[in-house]
Amino acid sequence: MKSNVSVFPHPPHLPLIAPSLLAADFGQIGRQVNEVEKAGADLIHVDIMDGHFVPNLTMGPDMVQALRRSCRLMPDVHLMVTDPQNFIEPFLDAGAGHISFHIEAPGLARCSASDLIRRIHARGATAGVALNPSTPVAALESILSLADLVLVMSVHPGFTGQNFMPETLSKVTELHRRLSPHQRLQIDGGIGLQTAPDALRAGADVLVAGAAIFRAPDWAATIQRLRGE
Ligand code: DX5
Ligand code: ZN
């Protein structure tokens, strides 16, 4: 079943900008989320790490619930966990409008990627599949048409503020050719004013940006420039 409620307008006239909460100042998270919303963000990207799939720990469904209470930005949940099948419903219950999981997740040996997508769609949310830098597009072959979004990692997942890996752009180009106009192509990692133009030229239409926004002096101007306005 395809989702008919979309966090992502179809088709966007301009690329969507999803600031990554991981780069916010956690001591001022409520205020910063409100400010980034006012600055023109389209979504709020929420990085979920379990200390196994990636060498870092971040947050859980309670953060998504708090975001739904405190701002209008829809949480775009990026699961970097070994067992995504255990966390789909908790994040949907918390109010996630979109969930992406990694195709490399070991838990997919116990629950297929297409089942996870079906479970996300059954609750009216959109589903994304994420690819690590070294994973080829071919790994998505059987589910490419089921996903609402493909997330291409342009750094090794785990931390904000890493350098963009330009070699990942060939996957964006390939996916841009293969995805339908109703599917979104997201790029995540090291996206900033220097790297966004290449990502957009390759066909990305949802840009995740952490450090480039939250560590910039003027968030609104940065978001506009990332969009290419
Ligand atoms: C990395 C996360 C990214 C990260 C992006 O594992 O998936 O979303 O927070 O941060 P920047 O844009 O600073 O690379
Ligand atoms: Zn992310």
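Please refer to the structure placed before this passage.
Residues numbered from 1 in each chain as written. Chains lettered and ligands numbered in written order. Predicted model: local features only at pLDDT ≥ 70, side-chain atom pairs only at ≥ 80, totals over all residues. Heavy atoms only, no water.

Q: How should I be thinking about the coordination of the zinc ion (ligand 2) in this particular structure?
A: Around a metal, the perfect tetrahedron of four donors has angles of 109.5 degrees, and the perfect octahedron of six donors has angles of 90 or 180 degrees. Protein-derived ligands of the zinc ion (ligand 2) are His 45 (NE2), Asp 47 (OD), His 78 (ND1) and Asp 188 (OD), with the metal-ligand distances lying across 2.0 to 2.3 Å. Each of the 6 donor atoms around the zinc ion (ligand 2) contributes to a set of angles spanning 71 to 170 degrees, which defines the coordination as octahedral. Within one chain, the residues serving as donors to the zinc ion (ligand 2) are arranged as H-x1-D-x30-H-x109-D. You can see His 45 sitting in strand E2 (residues 43-49) and its partner Asp 188 sitting in strand E7 (residues 184-188), a full 143 residues away along the chain. A residue is classified by how much of its surface remains accessible, and Asp 188, at 8% relative accessible area, is buried. (Donors = N, O, S within 2.8 Å, 3.2 Å for Na, K, Ca; no water. Tetrahedral: all angles 85-135°; square planar, octahedral: opposite > 155°, others 65-115°. Helix = DSSP H or I, 4+ residues; strand = E, 2+ residues; numbered from the N terminus. Buried < 20%, exposed > 50% of the residue type's maximum accessible area, 1.4 Å probe, protein only.)

Q: Teacher, can you tell me more about helix H1 (residues 29-38) here?
A: Every α-helix carries 3.6 residues per turn, so stepping three or four residues along brings you back to the same face. When we look at burial in H1, the residues that qualify are Ile 29, Gln 32, Val 33, Val 36 and Glu 37. Down the axis of H1, the buried side of the element spans an arc of 140 degrees, and every buried residue falls inside it. Buried residues in H1 make contact with strand E1 (16-19), E2, helix H2 (61-70), helix H7 (211-214) and helix H8 (219-227). Once H1 ends, the next one or two residues include Gly 40, with phi positive near 110 degrees. (Arc of directions from axis to C-beta. Contact = heavy atoms within 4.5 Å.)

Q: Quick question: what am I supposed to make of the pairing of strand E6 (residues 149-153) here?
A: The two faces of a sheet get side chains in turn, since along a regular strand they alternate between them. Of all 5 residues making up E6, 5 are buried, and the element is well covered by its neighbours. Burial along E6 is two-sided: Leu 149, Leu 151 and Met 153 and Val 150 and Val 152, pointing in opposite directions, are all buried. Looking at chain direction, strand E5 (residues 126-131) and E6 are connected through 4 bridges and run parallel. Its bridge partner lying in E6, Ala 130 is registered against Leu 151. One ladder, built from 5 bridges, connects E6 with E7; its direction is parallel. Along E7, the bridge assignment pairs Leu 151 with Gln 186. Considered for its hand, the β-α-β crossover made up of E6, helix H5 (residues 169-178) and E7 is right-handed. (Pairing = 2+ DSSP bridges. Right-handed = clockwise from strand over helix to strand, strands pointing away.)

Q: Got a minute to help me understand the site of ligand 1 in this structure?
A: In the neighbourhood of ligand 1, 20 residues make up the surrounding shell, with Gly 158, Thr 160, Asp 188, Gly 190 and Gly 210 lying closest. One of the side-chain N or O atoms of His 45 is found 3.4 Å from an oxygen atom in ligand 1. A total of 380 Å² of accessible area belongs to ligand 1 in isolation, and the protein chains cover 99% of it. Put simply, the parts of the chain that give the shell around ligand 1 at least two residues each are E2, strand E3 (74-80) and strand E8 (206-209). Split into classes, the residues belonging to the shell around ligand 1 amount to 9 nonpolar, 9 polar and 2 charged. (Near = heavy atom within 4 Å. Polar contact = N/O pair within 3.5 Å; in protein donor to acceptor, adjacent residues only side chain to side chain. Areas by Shrake-Rupley, 256 points an atom, 1.4 Å probe, with all protein chains shown as cover. Nonpolar A, V, L, I, M, F, W, Y, C, P; charged D, E, K, R; others polar.)

Q: What should I look at first to understand H5 in this one?
A: The set of residues buried in H5 consists of Leu 169, Lys 171, Val 172 and Leu 175. Buried residues of H5 fall within an arc of 150 degrees about the axis and therefore sit on the same side. Next to the buried residues of H5 lie E5, E6, E7 and helix H6 (196-202).

Q: Explain the side chain of Ser 114 here, please?
A: If you trace the backbone, Ser 114 turns up in helix H4 (residues 113-122). Given the relative accessible area of 18%, Ser 114 is considered buried. Among the polar contacts listed, one links the side chain of Ser 114 to the side chain of Ser 112, at a separation of 3.2 Å. If we ignore the near neighbours within four places in the chain, the residues touching Ser 114 are Ile 143 and Leu 146.

In short, the description is geometric, and any link to function would need to be established separately.
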